[in-house]
Amino acid sequence: MLLGPFGPAGCYYGHLASGQLKILWRREPIEEAIRDDRHPDEVRALLSLTLEVREFAKTLGLTVDGQYTSYVNWPGDRIVTTLVRTRAGTLDAVPWRYPFLGQLPYRGYFDRERAEREAEQLLRDGRYDVCVSGVTAYSTLGWLDDPVTRPMLARGAPSLVETLLHELVHATAFLPGEADFNESAAQFIGQQAAIRFFEQEGLRSHAPSALTLPSADHVRNAIDDRRRIAEVQLAFRHELEALTGRPDREALRTAAEARTRETLAALPLAVLDARGVAERARLSDACLALRGTYIADLARHERVYLALQEELPRMIERLRLWADEERPPERFFDVSDLEADSGRH
């Protein structure tokens, strides 16, 4: 998720600035937090892992700088609560416009109650569907040195590693106003990079005793599970798109959602519990809009990755070039030149 620099004065931006200042005020250097036995052993072990992720990210060509060199013992299960809105009966997010960032499909709040109040107000308006989600990490796109926070650690080592790499992609390359492209690129690269991180030889031999690291196969299988789930959710989204404007949309939607949950429950997942996934899946129109931002283009990124001979640093270099020159995202997915070069070799 992106949370960039704070622009004009105003109630919302004042709220963001206040929340960010609280984060900055509570930071402590990771090296000091690791030595501080007031923190639980697992927290200190995960902070040690963070330093390894930073070094690994550099080998891929990601911009690391001062990112994730500090720790904030932030309470609760999230740093930010995001709000996404869609017009009733549609699946496209109604965006907000931000200075420097352009349009984004979500709005972030450090104050959860504030986000929920705005969501309730939008629902009462009657013209919108909303999706409210907790977020454990965000990127300020390198404007500030983002810290590791307690909510980031709470979900364990695989999630921490992928989250750090995802957010470092945002700090490396960003196209203003292209949220779908930015988030799907960070999602794909973050996942592939996480698999590679856990494939490293010697990683487990020097891991702190308080930390049990999963195998690379386990991480890969979990990511494959999530992609299977994403494919089902995208199919449901496409099915709903075909119902736009129909007077019987809601009845047809209810039936389609029931079928989708049955499909999710029957998925042959290797790590995740398919039935639990089906029960917990958030399939409202606004939540599908948010999911689409992250997953709709994963298959297209896969094609680019394969055309680059699965060389992740080359993909990151290509992404940085697109951002630096502000090239159209659609051209990023045109791999005809890469495929031609591959054929000549």
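In this report, the structure presented in the accompanying data block is examined.

Conventions and cut-offs
- Residues numbered from 1 in each chain as written.
- Predicted model: local features only at pLDDT ≥ 70, side-chain atom pairs only at ≥ 80, totals over all residues.
- Heavy atoms only, no water.
- Pairing = 2+ DSSP bridges.
- Helix = DSSP H or I, 4+ residues; strand = E, 2+ residues; numbered from the N terminus.
- Axes fitted to C-alpha atoms, helices over the stretch in contact; angles between N-to-C directions.
- Contact = heavy atoms within 4.5 Å.
- Buried < 20%, exposed > 50% of the residue type's maximum accessible area, 1.4 Å probe, protein only.
- Expected span 1.5 Å × (residues − 1).
- Disulfide = S-S within 2.5 Å.
- Phe/Tyr/Trp six-rings, centres within 6.5 Å; stacked < 30°, edge-to-face > 60°.
- 1 Å grid on protein atoms, 1.4 Å probe; cavity = no way out; pocket = protein on both sides within 12 Å on 5 of 7 lines; lining within 4 Å.
- Points joined across faces, edges and corners; volume = space filled by probe spheres on them.
- Nonpolar A, V, L, I, M, F, W, Y, C, P; charged D, E, K, R; others polar.
- Salt bridge = Lys/Arg side-chain N within 4 Å of Asp/Glu carboxyl O.

## What to know about the sheet that holds strand β6 (residues 107-109)
Taken in spatial order, the three strands make up an open sheet running β6-β3-β7, and their pairing is antiparallel. A strand with exactly one partner marks an edge of an open sheet, and here the two such strands are β6 and β7 (128-135). Averaged over neighbouring strand pairs, the angle between their axes works out to 25° when direction is ignored. Taken together, the three bridges between strand β3 (residues 80-87) and β6 define a ladder with antiparallel strand orientation. In the strand pairing of β6, leucine 83 is matched with arginine 107. Along the sheet, helix α4 (residues 112-125) makes contact with β3, β6 and β7, crossing β7 at roughly 165°. Packing of helix α11 (residues 285-295) onto the sheet brings it into contact with β3 and β7, and relative to β7 it is tilted by some 55°.

## Some words on the pairing of β7
The buried count for β7 comes to six of eight residues, which makes it a mostly enclosed element. The pairing of β3 with β7 spans eight bridges and is classified as antiparallel. When the bridges of β7 are listed, threonine 86 appears paired with aspartate 129.

## A closer look at helix α6 (residues 157-172)
Between its first and last C-alpha atoms α6 spans 22 Å; for 16 residues at 1.5 Å apiece the expected length is 22 Å, and the two agree. Burial analysis of α6 places 15 of its 16 residues in the buried class, which makes it a mostly covered element.

## A closer look at the state of the cysteines
Counting across every chain of the model gives one disulfide. The disulfide bridge from cysteine 131 ends at cysteine 287, spanning 2.1 Å between sulfur atoms. Judged by the sign of its S-S torsion, about 90°, the bond between cysteine 131 and cysteine 287 is right-handed. Within this pair, whereas cysteine 131 is found in strand β7, its partner cysteine 287 is found in helix α11, the two being separated by 156 residues in sequence. Here cysteine 131 and cysteine 287 have matching classes, each one buried.

## Points about the packing of aromatic side chains
In this structure the tally under the stated criterion is ten aromatic pairs. On the basis of an interplanar angle of 80° and a centroid distance of 5.9 Å, the ring pair of phenylalanine 110 and tyrosine 138 is categorised as edge-to-face. Placement of phenylalanine 110 in the loop between β6 and α4 and of tyrosine 138 in the loop between β7 and β8 (148-149) is noted, with a sequence separation of 28 residues between them. Residues phenylalanine 110 and tyrosine 138 agree in their burial class; the two are buried. Aromatic side chains tryptophan 322 and phenylalanine 332 sit 5.5 Å apart centroid to centroid with 85° between the ring planes, which places their arrangement in the edge-to-face category. Residue tryptophan 322 is located in helix α13 (residues 312-325), and its partner phenylalanine 332 is located in helix α14 (residues 329-332); the two are separated by ten residues in the primary sequence.

## Some remarks on the layout of surface pockets
In this structure, the largest pocket occupies an estimated 1,600 Å³ of space. Along the wall of the largest pocket there are 39 residues; nearest its centre are Gly134, Arg155, Gln187, Arg226 and Arg291. Contributing elements (two or more residues each) for the lining of the largest pocket: β7, α6, α7 (179-199), α8 (216-241), α10 (274-280) and α11. For the lining of the largest pocket, the element with the highest residue contribution is α8, accounting for nine residues. Of the pockets and cavities examined, the second largest pocket occupies roughly 380 Å³. Glu178, Ala179, Asp180, Phe181 and Thr293 are, among the 23 residues lining the second largest pocket, the residues nearest its centre. Those elements that provide at least two residues to the lining of the second largest pocket are β5 (102-104), α7, α11 and α14. Looking at the lining of the second largest pocket residue by residue, the classes come out as twelve nonpolar, four polar and seven charged.

## Section: the sheet that holds strand β2 (residues 70-72)
Across a sheet, paired strands are connected by hydrogen bonds in the backbone, their directions being either parallel or antiparallel. In space, the three strands of this open sheet follow the order β1-β2-β8, with mixed pairing throughout. Lying at the two open borders of the sheet, with one neighbouring strand each, are β1 (28-29) and β8. Judged from the two bridges that link them, β2 and β8 form a sheet pairing that is parallel. Bridged to valine 72 within β8 is threonine 149.

## Thoughts on empty space enclosed by the protein
In this structure the tally under the stated criterion is three cavities of 30 Å³ or more. What lines the second largest cavity is simply Ile23, Tyr68, Ile79, Thr136, Ala137, Tyr138, Asp146, Pro147, Thr149 and Met152. A per-class count over the lining of the second largest cavity returns seven nonpolar, two polar and one charged.

## What about the pattern of salt bridges?
In total, this model carries 23 salt bridges according to the counting rule given. Residue aspartate 217 pairs with arginine 220 through a salt bridge whose shortest N-O separation is 2.7 Å. With a gap of three residues between them, aspartate 217 and arginine 220 both fall in helix α8, about one helical turn apart. The class for aspartate 217 is partly exposed, based on a relative accessible area of 48%. Through salt bridges with shared partners, a single network forms among Arg249, Glu250, Arg253, Glu257, Arg261 and Asp285.

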